[in-house]
Amino acid sequence: MQVVSVKKALDGSIAPDSKVEVRGWVRTRRDSKAGISFVNVTDGSTFDPIQVVAPNTLPNYEKEVLHLTAGSSVVCRGTLVKSQGKGQSFEVQAEEVKVLGFVDDPDTYPIQPKQHTLEFLREVAHLRPRTNTFGAITRVRHVAAQAVHRFFHEEGFFWVNTPIITASDAEGAGQMFRVSTLDAMNPPRTDAGKIDWGKDFFGKEAYLTVSGQLNVEAYCLALSKVYTFGPTFRAENSNTTRHLAEFWMIEPEIAFADLNEDANLAERFLKYVFKAVLAECGPDMKFFEERQQKGVIERMEKFINSSFERIDYTDAIEILKKAKKKFDYAPEWGNDLQTEHERYLTEEHVGRPVVVMNYPEKIKAFYMRLNEDGRTVAAMDVLAPGIGEIIGGSQREERLDMLDKRMVQFGLKPEHYQWYRDLRRYGTVPHAGFGLGFERLIVYMCGLQNIRDAIPYPRVPGSAQF
Ligand code: 4AD
Ligand code: MG
C-alpha cells in the first residue's frame, strides 16, 4: 500500500492495479441504484479530483459513505485501476473509506458544489482555497514564484532579503504604514481612553516598507546582480481592482547597466515566467481559459513570441494626441499616462508589449537618473496588452550631486539618506532595476478581474478579518 497524491494517482506514473491510499476532501458524491457510490476526492495537488468507487459491501457504507457531503475529509484505500468512465484516467476501487471529518450542517457549508461568485468567496477567504478557482490560482502562484527564483538563479543573480521595517520612504510617495512599539496586553491610553500608539520604534520613526529597492541597491553595488522578492505595503486608500495595501514585489537590480539593459532583462524575465506557467500548469490554465477569460493562453503565447516595442514617452504623447480614440483624460506632456492611454499604446497602436521610456522628471521618483535633456529621467514602464503597466523601473541616479539636487527638489532631506548617499560616494557605478507587482502578474496570467483574488488574504481598506 503506497500513499499517493491525487496528482500522482492520475498521471499514469503508478502501475495499474497497485494498492494505493489517497487522502483528501470530498467534492461530490453520486450513488447508483446498483449500490455503488462514486465519490470525487481532491487533495489540491492537481486540478482534477480522483473518483473513488465505494461499493455497498464496505462495512461503513450505510452509516458513513452515504452521508459524505462536499468538504468531508476521507482516507481511501483500494486498487488503482484504469477508469472506464469518460473524462478520467484512473480511479480507486475502494476497499476502505475512512471518514476523518464530516461537514457540520452541510446545507450551510459555504462551498457548495456549484459556481460561486468571486465577491462571495472573498468573504470566506479561509474556505475559498477549496474551490477549483482558488486551487488553480494557488498552484499558478506557486509555479510562478518558483520560476522567478529559477530565472534569477540561472542568470547569476542573488536573492537578497530586504527589511520589512524601514525608516525611509523608498518611493517618496508618503503612503506608508507606521510601526509602533507597545504592550499589546496593556497599551498606554490617552486621557480620552483611546490607545496611544506612541511615535517610535525604539526611539526612531519606523514604517512598513513600500519597496526594497534602496536596500537592494546597496547589495547590487557589491554583488552586481541581485533581486528582492517579498511583501511590500502601501497605505493608499484606493479601492480599486488593481491595488492592494499589502502585495509582493519582485525587484531586480543590475550594476554596470543602463535603461536598455534593464528593459532587456524585464523582457527575458516575463517571458521566462510565462513559459514556465504554461508548461507546468496546463490543466489550471485550461480552466482559466474556459471559466475566467477566453484567450488568456493565447495572450501569453503571443507575449512570449513577440519582441517588446520601445517608445519614448515624448513620442507616446504624440501618438496618443494623434489617436482617433476619445480618452477620458486628454494626454498631455508632463502628466503620467492613464491606464486608458497605456492600453491604447499596447493594444491598439502596436498590438504587443510596449516599454515606454524617459518620462518627465517631475512625475517620477527622486532616485531616477536625470537625462541629458534635463527634463526627463531614465525611467521605464512595461505595458502589457489587456492590463497596462505591469512593471516600473529606471536607471538610478549614480551621481551624488545630482541625487542631492533631486532629493531637495522632492522635499526629502539628504541627511536622512546618508547611507544611500554613501553608495554614490564610494565607488559609484551606473545601475538600473525594476519592480514587478507579483499579484498584477497573477491577475494577468489567470485572466482575473480583481487583484483581491490573486493573493490568499487580500489587504484592502476595511479588510483584515482573516
Ligand atoms: O511603480 P512602483 O511604485 O515602483 C517601485 O516601487 C520601484 N521601487 C520599483 C523598482 O524600480 N525597483 O511599483 C512597482 C510595481 C508596479 O509596476 C506594480 O506592478 C506594483 O509594483 N504595484 C502594486 N501592486 C499591487 N498593489 C499596489 N498598491 C501596487 N503598487 C505598485
Ligand atoms: Mg509605477
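Below: a short report on this structure. (Residues numbered from 1 in each chain as written. Chains lettered and ligands numbered in written order. Predicted model: local features only at pLDDT ≥ 70, side-chain atom pairs only at ≥ 80, totals over all residues. Heavy atoms only, no water.)

For the rest of this paragraph, the subject is the packing of aromatic side chains. Following the criterion strictly, the structure yields 22 aromatic pairs and no others. A ring pair is formed by Trp419 and Tyr420, whose centres lie 5.8 Å apart and whose planes are at 75°; its orientation type is edge-to-face. Assessed through its relative accessible area of 34%, Trp419 is described here as partly exposed. What makes Tyr420 buried here is its relative accessible area of 0%. Ring pairs connect the aromatic residues Phe151, Phe152, Phe157, Tyr227, Phe269, Tyr272 and Phe434, which therefore count as one cluster. For Arg424, the ring lying beneath its charged end belongs to Tyr420, and the centroid distance is 4.1 Å. (Phe/Tyr/Trp six-rings, centres within 6.5 Å; stacked < 30°, edge-to-face > 60°. Buried < 20%, exposed > 50% of the residue type's maximum accessible area, 1.4 Å probe, protein only. Lys NZ or Arg CZ within 6 Å of the ring centre and 35° of its normal.)

With respect to the secondary-structure elements, Arg139 resides in helix α3 (residues 132–154). Setting aside chain neighbours within four positions, we find Arg139 in contact with Gly44, Ser45, Thr46, Phe47, Cys281 and Asp284. (Helix = DSSP H or I, 4+ residues; strand = E, 2+ residues; numbered from the N terminus. Contact = heavy atoms within 4.5 Å.)

By nearness alone, 24 residues border ligand 1, and Glu171, Gln213, Glu236, Glu251 and Glu389 come closest of all. Between Arg234 and ligand 1, the recorded distance is 2.7 Å, taken from a side-chain N or O atom to an oxygen atom. For ligand 1, an oxygen atom lies 3.0 Å from a polar atom in the backbone of Gly437. Protein coverage of the free-state accessible area of ligand 1, which is 620 Å², stands at 92%. (Near = heavy atom within 4 Å. Polar contact = N/O pair within 3.5 Å; in protein donor to acceptor, adjacent residues only side chain to side chain. Areas by Shrake-Rupley, 256 points an atom, 1.4 Å probe, with all protein chains shown as cover.)

Applying the stated criterion to the full structure yields 26 salt bridges. A salt bridge links Arg23 to Glu21; its shortest N-O distance comes to 2.9 Å. The closest approach of N and O atoms between Arg128 and Asp453, which form a salt bridge, is 3.3 Å. Within this pair, whereas Arg128 is found in the loop between α2 (118–122) and α3, its partner Asp453 is found in the segment after α12 (438–446), the two being separated by 325 residues in sequence. For the residue pair Arg128 and Asp453, the accessibility class agrees, reading buried in each case. One salt-bridge network, in which partners are shared between bridges, spans Glu21, Arg23, Arg77 and Glu96. (Salt bridge = Lys/Arg side-chain N within 4 Å of Asp/Glu carboxyl O.)

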